[in-house]
Amino acid sequence: MLNADYRPLSYFPLSLWSWQDSIKAVFLDRVDILSEYDAVVHSPRLEMRLPSVISLRCYVPVNRRPAFTRFNVFLRDRFRCQYCGRRFATEELTFDHVIPRARGGTTSWQNVVTACTACNTAKGARTPAQCGMTLRSVPKPPDLTELQEAGRHFPPGNLHSSWRDYLHYAGMGRVRSDEAAESGALAVHTTLRAIQSEAQGRAFPSDMTEGEYWGVQLQNDDD
């Protein structure tokens, strides 16, 4: 599902609608059909091909501030530990308070970074300077454009051929086009897979939903 400017509302996770919601939006004149699958659905009086790419007729502004979530912290840092610099799968990542909360550090964009379990354990309740560790970048609040750009580097593993003209992922040549996606037709919570990155495994949460991406606030978990 694309915005009225023909860009996805979200690259990571990719903005997807179920085929039922897509058809409903078509009949409500809220979207335009840009591409269709060969598969059809029908009622007693009507037969129509399933939409594969649709665009909103009214532009939805996307310049809002990203939610401060664990996932968005990982995405800002591109799933890379900010101490050792290696990229990990999400289940191997945690977030670290640069200035520990025991020393007055806050749970905020400016004080939370992505860290692997080993580096987080080694740092403990100390500052980076106290344990001889160096941050790869200064943590700061990202804007939505920055997160979208980061998301472009993690394309889903299954992209139907009809979608590809409307998506501009980095490394698109490495993404496999899956014709079997026709039968699924824009499933809302399609399992997405990241490209393999620098032999460090899959840097993509297989169970992340769009609701979690936008709305689940980061909690004051222990370091």
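Rules of the game
Residues numbered from 1 in each chain as written. Predicted model: local features only at pLDDT ≥ 70, side-chain atom pairs only at ≥ 80, totals over all residues. Heavy atoms only, no water. Phe/Tyr/Trp six-rings, centres within 6.5 Å; stacked < 30°, edge-to-face > 60°. Buried < 20%, exposed > 50% of the residue type's maximum accessible area, 1.4 Å probe, protein only. pLDDT = per-residue confidence, 0-100. Helix = DSSP H or I, 4+ residues; strand = E, 2+ residues; numbered from the N terminus. Contact = heavy atoms within 4.5 Å. Core = buried A, V, L, I, M, F, W, Y, C linked by side-chain atoms within 4.5 Å. Salt bridge = Lys/Arg side-chain N within 4 Å of Asp/Glu carboxyl O.

S.K.: Which residues make up the packing of aromatic side chains, and what values do they have?
M.R.: For the structure on display, the rule yields two aromatic pairs. Aromatic side chains phenylalanine 71 and phenylalanine 79 sit 6.2 Å apart centroid to centroid with 55 degrees between the ring planes, which places their arrangement in the tilted category. Judged by its relative accessible area of 0%, phenylalanine 79 is buried.

S.K.: With reference to specific residues and values, describe the confidence of the model for the chain.
M.R.: For the chain, per-residue confidence averages 77 on the pLDDT scale, and residues scoring 70 or more make up 75% of the total. Element-level mean pLDDT values for the chain span from 35 in helix α5 (residues 181-184) up to 96 in strand β4 (residues 112-116). Every residue in residues 174-223 scores below 50 in pLDDT, and together they form 137 contacts with partners more than four places removed in sequence or on other chains.

S.K.: Describe the nonpolar core, listing the residues and the values that go with them.
M.R.: Phe12, Leu75, Phe79, Cys81, Tyr83 and Cys119 are the most contacted members of the largest nonpolar core, which has 19 residues in total. Grouped together as the second largest cluster of nonpolar side chains are 14 residues, Ile23, Tyr37, Leu159 and Tyr169 included.

S.K.: Describe the pattern of salt bridges, listing the residues and the values that go with them.
M.R.: This model, assessed by the stated rule, comprises six salt bridges. Across the salt bridge formed by aspartate 77 and arginine 76, the nearest N and O atoms sit 3.0 Å from each other. Residue class for aspartate 77 comes out buried when judged on its relative accessible area of 8%. When the shortest N-O distance is used, the salt bridge between arginine 152 and glutamate 149 registers 3.0 Å. Given the relative accessible area of 32%, glutamate 149 is considered partly exposed.

S.K.: So what's going on with the pairing of β4? Which residues, and what values?
M.R.: Within β4, five of the five residues are buried, which leaves it mostly tucked inside the rest of the structure. Both faces of β4 are covered, namely the face carrying Val112, Thr114 and Cys116 and the face carrying Val113 and Ala115.

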